[in-house]
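Next come the chains, spelled out residue by residue.
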Amino acid sequence: HQLLSAFVPLIVRICSGPDKYNDPDLCTASALALCKICMVSHDFCDSHLRLLVTMLEKSGLPTIRANTMVALGDLSFRFPNLIEPWTPHLYARSDIPHPRACEGAGLTSVGI
């Protein structure tokens, strides 16, 4: 638990300011780590849900959008009361132009 919490501020900083980090692999790994940590903790998920939705809507990397969409779908089963107010944002993402991100959006919206 302490090892994970040591990396959380760094992960959140990278996800909050992707324009400051030029490495797409770093940004993708950080986004995926944030999604996974949200699966572990209700309180953490509640605190960072807005960031996840912002990443879904604004990330310039299709892999981040696709991974975030799938994670939000998983979170909708894990913490349905947290995700429910955000479902319009998930449905709005079904128009993502990139094929990989669009596939994730389609699969996730079917599950919701």
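Notes on the structure in this doc start here. Residue numbers restart at each chain and count upward from 1, following the sequence in its written direction. pLDDT decides what is reported in this predicted model: residues at 70 or higher carry local features, side-chain atom pairs at 80 or more are listed and counted, and totals for whole chains, interfaces and linings draw on all residues regardless. Side-chain descriptors were evaluated using all non-hydrogen atoms of the structure, hydrogens and water having been removed beforehand.

The method works on a 1 Å grid over the protein atoms by themselves. A cavity is a set of points holding a 1.4 Å probe that cannot get out, a pocket is an open set with protein on both sides within 12 Å along at least five of seven lines, and residues with an atom within 4 Å of a point line them. Grid points are joined across faces, edges and corners, and a volume is the space filled by probe spheres set on the points. Looking at the largest pocket, its volume works out to about 240 Å³. Along the walls of the largest pocket sit 14 residues, with Cys-15, Pro-18, Met-55, Lys-58 and Ser-59 positioned nearest its centre. We count a stretch as a helix when DSSP gives it H or I for four or more residues in a row; a strand needs E for two or more, and each element gets its number in order from the N terminus. For the lining of the largest pocket, the secondary-structure elements that each account for two or more residues are helix H1 (2-16), helix H2 (24-40) and helix H3 (42-58). The element contributing the most residues to the lining of the largest pocket is H3, with 4 residues. In this classification, the charged set is Asp, Glu, Lys and Arg, the nonpolar set is Ala, Val, Leu, Ile, Met, Phe, Trp, Tyr, Cys and Pro, and all remaining amino acids, among them Gly, are polar. Classifying every residue of the lining of the largest pocket by side-chain character gives 9 nonpolar, 4 polar and 1 charged.

Turning to the nonpolar core, a few remarks are in order. One finds Leu-34, Leu-49, Leu-52, Met-55, Leu-72 and Leu-75 to be the most contacted residues of the largest nonpolar core, which totals 29 residues. Elements with a contribution of two residues or more to this core: H1, H2, H3, helix H4 (62-78) and helix H5 (80-83). At 8 residues, the largest contribution of residues to this core is made by H3. It only takes one pair of heavy atoms within 4.5 Å for two residues to be counted as in contact. Beyond its immediate chain neighbours, meaning those up to four positions away, Met-55 contacts Cys-15, Ala-31, Leu-34, Ile-64, Arg-65 and Thr-68. Side-chain atoms within 4.5 Å are what join buried Ala, Val, Leu, Ile, Met, Phe, Trp, Tyr and Cys residues into a set we call a nonpolar core. Working definition: with a 1.4 Å probe on protein chains only, accessible area under 20% of the residue-type maximum means buried, over 50% means exposed, and in between means partly exposed.

Let us now look at the environment of Ser-41. Topologically, Ser-41 is positioned in the loop between H2 and H3. Taking the C-alpha atoms as reference, Ser-41 lies 9.5 Å from Phe-79; in sequence the two are 38 residues apart. We call two N or O atoms a polar contact when they sit within 3.5 Å, provided that within protein one can donate a hydrogen and the other can accept it, with sequence-adjacent residues counted only if both atoms are side-chain atoms. There is a polar contact of 3.4 Å between the side chain of Ser-41 and the backbone nitrogen of Asp-43.

This part covers the packing of H2 against H3. Packing of H2 against H3 leaves a shortest axis separation of 8 Å and a crossing angle of 145 degrees. The two elements H2 and H3 meet at a crossing, and its hand is left-handed. Of the residues in H3, those in contact with Ala-31, Leu-34, Cys-35, Ile-37, Cys-38 and Val-40 of H2 are His-42, Phe-44, Cys-45, His-48, Leu-51, Leu-52 and Met-55. Of the residues belonging to the contact of H2 with H3, the class tally is 11 nonpolar, 2 polar and no charged. To get an axis, fit a line to the C-alpha atoms, keeping to the stretch in contact for a helix; angles then go from 0 to 180 degrees between the N-to-C directions. The handedness criterion is simple: a crossing whose near helix is rotated anticlockwise from the far helix by less than a right angle is left-handed, and one whose near helix is rotated clockwise is right-handed.

Assignment of secondary structure puts Thr-28 in helix H2. Apart from the residues within four sequence positions on either side, Thr-28 is in contact with Leu-61, Thr-63, Ile-64 and Asn-67.

Another aspect to go through is a nonpolar patch on the surface. Where nonpolar side chains cluster on the molecular surface, the patch consists of Leu-3, Phe-7 and Leu-10 and spans about 310 Å² of accessible area. If you trace the backbone, Leu-10 turns up in helix H1. Patches were defined on residues exceeding 30% relative accessible area and lacking a salt bridge, with like-charge contacts within 9 Å and nonpolar side-chain contacts (Val, Leu, Ile, Met, Phe, Trp, Tyr) within 5 Å. Calculation of accessible area relied on Shrake-Rupley with a 1.4 Å probe; when residues are assessed, cover is drawn exclusively from the protein chains displayed. Any Lys or Arg side-chain nitrogen located within 4 Å of an Asp or Glu carboxyl oxygen qualifies as a salt bridge.

Residue position: Thr-87 is located in helix H6 (residues 87-92). We classify Thr-87 as buried; its relative accessible area is 17%. One polar contact links the side chain of Thr-87 to the main-chain carbonyl oxygen of Glu-84, over a distance of 2.9 Å.

Helix span, as expected, comes to 1.5 Å for every residue beyond the first. Relative to the 24 Å expected for 17 residues at 1.5 Å per residue, H3 spans 24 Å between its end C-alpha atoms, a close match to the ideal helical length. The sharpest bend along H3 reaches about 55 degrees and sits at His-48. For H3, the set of buried residues is Phe-44, Cys-45, His-48, Leu-49, Leu-51, Leu-52, Val-53, Met-55 and Leu-56. Taken together, the buried residues of H3 touch H1, H2, H4, H5 and H6. Between a side-chain oxygen at the N-terminus of H3 and the backbone nitrogen of Asp-43 the separation is 3.4 Å; the capping residue is Ser-41. The term bend refers to the angle at a residue between two fitted axes, each drawn through seven residues, those ending there and those starting there.

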